[in-house]
Amino acid sequence: MNKAILALLALAVVSVSEAQAAPKHGGRWTIGMSQCNLGEPWRVQMNADIRKAAEAHSEIEIIFKDAQNDTLRQRAQIEEFTDADVDLLIVSPKEAAPLTPPVAAAFRRGIPVVVLDRKVLGDDFTQFIGADNRRIGRAAGEWAVRRLLSLPRVKAGGRARIVELTGLMTSTPGQDRLAGFHAAVQGQPVDIVFSADTQWLEPRAREEMESALAVNPSIDLVYAHNDPAAHGAYLAARAAGREGDIIFVGIDGLPQEGRVYVRQGLLEASFEYPTGGREAVDSALRILRGEAVPKQVTLNSRFFTRDNVDGGGLWLP
Ligand code: FRU
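Conventions used here
- Residues numbered from 1 in each chain as written.
- Predicted model: local features only at pLDDT ≥ 70, side-chain atom pairs only at ≥ 80, totals over all residues.
- Heavy atoms only, no water.
- Pairing = 2+ DSSP bridges.
- Helix = DSSP H or I, 4+ residues; strand = E, 2+ residues; numbered from the N terminus.
- Axes fitted to C-alpha atoms, helices over the stretch in contact; angles between N-to-C directions.
- Contact = heavy atoms within 4.5 Å.
- Buried < 20%, exposed > 50% of the residue type's maximum accessible area, 1.4 Å probe, protein only.
- Expected span 1.5 Å × (residues − 1).
- Arc of directions from axis to C-beta.
- Phe/Tyr/Trp six-rings, centres within 6.5 Å; stacked < 30°, edge-to-face > 60°.
- Lys NZ or Arg CZ within 6 Å of the ring centre and 35° of its normal.

Draft legend 1. Highlighting the sheet that holds strand 1 (residues 29–35). Spatial strand order, 2-1-3-4-5-11: six strands in an open sheet with parallel pairing. Two strands in the sheet have a free side with no partner beyond their single neighbour: strand 2 (60–66) and strand 11 (296–299). Pairwise comparison of adjacent strand axes, ignoring direction, gives a mean angle of 15 degrees for this sheet. Of the strand pairs in this sheet, strand 3 (residues 88–92) and strand 4 (residues 113–116) are connected by three bridges, and their pairing is parallel. In the sheet register, Val91 faces strand 4, and the bridge partner there is Val115.

Right, here's the structure in full:
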């Protein structure tokens, strides 16, 4: 190929990306953000992270919709964004299966979609951003085993008793946090004596923990899939006068939530689950400028214990 043809091809590439780099409706780029709920501090933080990252970019405008933890409402809101032909969608879906079709429909219509935190099925989206929940679950399991093996009764040959309070099991973080934890504790002297789906909700976790306490005279550790559930479990144990006998472990590690519980000694460990809000805005800008982005971005996590929390925690191995 001679130089003139190469130069022509280069020009063609530039003009294609320039053609993509124009907001559909003139003025600023419109980004629709479909948030599954704002009931937990973690999701409020995600939206705040997105807002903060977007502030530095006057060329984009973000419209937020809150599905209030209702899958059908979230489906309708994604469809509304698609009908409005937004320039790009960011979706943090409540559940994987039922939210796959509206995400895929937007993507097939040519709207780039960044899926954040919880996954959808298949690969009809532009990019998925989130931490590795299986790895977090495994790290929590390995930490729990080490901690439980230090208990005198377990050292003396007894088995430890764990209560697992899962997240919503139709969402992928719940499935992965369970699978990673179970893989880590398999073959160890521990039994999961009670397991319940809290749907990520603190009041449900509290109720389920009341049941767990009623049927189990001895519980060594509670593994909760998020810090609100760990806190709900702690409150139930405290109401029963049993909080001092139990080790509580949670996930999210927000500075204003999990890390405070760790400092206060309510939780012995909290595993960080970054919101990905800033990364989603960075990716959105790159996509809108016509740049190629990887299909998957995996965020790193730290874990916090009383010993390391003031030093900023430790990265997961
Ligand atoms: C908030 C939340 C977090 C959790 C995440 C999982 O709705 O439950 O506590 O880590 O969602 O998607």
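Draft legend 2. Seen up close, unusual backbone geometry. The residue Gln68 is not glycine, and still its phi comes out positive at about 55 degrees. Within the secondary structure layout, Gln68 lies in the loop between strand 2 and helix 3 (71–83). A positive phi angle, close to 60 degrees, is found at Gln199, a residue other than glycine. Structurally, the position occupied by Gln199 is in the loop between strand 7 (190–197) and helix 8 (202–215).

Draft legend 3. Spatial organisation of the sheet that holds strand 8 (residues 221–224). The seven strands are arranged 7-6-8-9-10-12-13 in an open sheet whose pairing can be described as mixed. Two strands lie at the open edges of the sheet, namely strand 7 and strand 13 (314–315), each paired on one side alone. Pairing between strand 6 (residues 160–166) and strand 7: seven bridges, direction parallel. The residue of strand 7 that forms the bridge with Glu164 is Ser195. Against the sheet, helix 8 touches strand 6, strand 7, strand 8 and strand 9 (247–252), its axis set at about 140 degrees to strand 7. Strands strand 6, strand 8, strand 9 and strand 10 (269–272) of the sheet are contacted by helix 9 (residues 227–239), whose axis makes an angle of about 155 degrees with strand 9.

Draft legend 4. Here's a closer look at the side chain of Gln35. Structurally, Gln35 can be placed in strand 1. Residue Gln35 is classed as buried on the basis of its relative accessible area of 0%. Among residues more than four places away in sequence, those in contact with Gln35 are Arg43, Met46, Asn47, Lys65, Asp66, Ala67, Gln74 and Ser92.

Draft legend 5. The pairing of strand 12 (residues 302–305), seen in detail. In strand 12, alternate side chains face the same way, and those of Arg302 and Phe304 on one face and Phe303 and Thr305 on the other are all buried. Two elements, strand 12 and strand 13, share two bridges in a ladder whose sense is antiparallel. Each residue of the ladder has a partner; that of Arg302, found in strand 13, is Trp315.

Draft legend 6. Summary view of helix 2 (residues 41–55). Helix length check: helix 2, at 15 residues, gives a terminal C-alpha distance of 21 Å against a target of 21 Å (1.5 Å per residue), a fit within 8%. Looking only at helix 2, the buried set comprises Trp42, Arg43, Met46, Asn47, Ile50, Ala53 and Ala54. Projected down its long axis, helix 2 carries its buried residues within an arc of 145 degrees, all on one side. Exposed and oriented more than 90 degrees from the buried face of helix 2 are Lys52 and Glu55. Structurally, helix 2 contributes buried residues whose contacts are with strand 1, strand 2, strand 3, strand 4, strand 9 and helix 11 (277–288).

Draft legend 7. Local environment of the packing of aromatic side chains. In this structure the tally under the stated criterion is four aromatic pairs. Plain terms: the ring middles of Phe271 and Phe303 are 5.6 Å apart, the flat faces sit at 20 degrees to each other, and that makes the pair stacked. Of the two residues, Phe271 sits in strand 10 while Phe303 sits in strand 12, which places them 32 residues apart along the sequence. Grouping residues by exposure puts Phe271 and Phe303 together as buried. A cation sits over an aromatic face here: Arg302 above Trp315, 5.4 Å from the ring centre.

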